[in-house]
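Structural description and commentary
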Amino acid sequence: MKIAIASDHGGLDMKNALVQHFAKQGFDIDDLGTNSTDSVDYPDYADKMAEHILAQKAELGILVCGTGVGISIAANRHKGIRAALIYDEFVAQMAKAHNNANIIVFGGRTMNIEDVIKYCTIFINTKFESGRHQNRLNKLDD
Ligand code: RB5
């Protein structure tokens, strides 16, 4: 499975920790930046990620900004993107089972890496339930 990961400066440390973790786990990783602490604009990284996912260059995207809010808003402006800001185990499960999110989002300044790795693992190991949920997803893009 290929995972693309991107962040702004507010999510840089968490992004790098996630890249390290998932590479060690044997996942194929596309690191879309940012790669320095210089201040950057989160919409640029959300756009880069959305284009990457929509072009099917990776199966899952992970985005991180300071709170996860700005970069979620930006990613969800793209038709076909379902970016879910995840903040607990139940939401991690539902974001896949019901929403089939193609990008999961975290706050680098509001969450700790252990929790975020736990949420990512739950999300990756959960199956989309389809059925009535697919009908609802279809309405998002109609
Ligand atoms: C950057 O300072 C910060 O505003 C950004 O990372 C994010 O939290 C926006 O929602």
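It should be noted that the structure appears before, not after, this text.
Every value quoted in this text rests on a predicted model; they were computed, and no experiment measured them.

Helix length check: helix H2 (residues 42–54) (13 residues) gives 18 Å between terminal C-alpha atoms against 18 Å at 1.5 Å per residue, within 8%. If you check which residues of H2 are buried, you get Tyr45, Ala46, Met49, Ala50, His52 and Ile53. Projected down its long axis, H2 carries its buried residues within an arc of 160 degrees, all on one side. Contacts from the buried residues of H2 go to strand S1 (2–7), strand S2 (28–31), strand S3 (60–65), helix H3 (69–75) and strand S5 (103–107). Count one or two residues on from H2 and you reach Gln56, which has phi positive near 60 degrees.

Surveying the vicinity of the ligand reveals the residues Asp8, His9, Tyr42, Cys65, Gly66, Thr67, Gly70 and Arg109. Here Gly66 contributes a backbone N or O atom positioned 2.7 Å from an oxygen atom of the ligand. One of the side-chain N or O atoms of Arg109 is found 3.3 Å from an oxygen atom in the ligand. Classifying every residue of the shell around the ligand by side-chain character gives 2 nonpolar, 4 polar and 2 charged.

The rules behind the values
- Residues numbered from 1 in each chain as written.
- Predicted model: local features only at pLDDT ≥ 70, side-chain atom pairs only at ≥ 80, totals over all residues.
- Heavy atoms only, no water.
- Helix = DSSP H or I, 4+ residues; strand = E, 2+ residues; numbered from the N terminus.
- Expected span 1.5 Å × (residues − 1).
- Buried < 20%, exposed > 50% of the residue type's maximum accessible area, 1.4 Å probe, protein only.
- Arc of directions from axis to C-beta.
- Contact = heavy atoms within 4.5 Å.
- Near = heavy atom within 4 Å.
- Polar contact = N/O pair within 3.5 Å; in protein donor to acceptor, adjacent residues only side chain to side chain.
- Nonpolar A, V, L, I, M, F, W, Y, C, P; charged D, E, K, R; others polar.

Remember that the coordinates give geometry; whether it matters functionally is a separate question.
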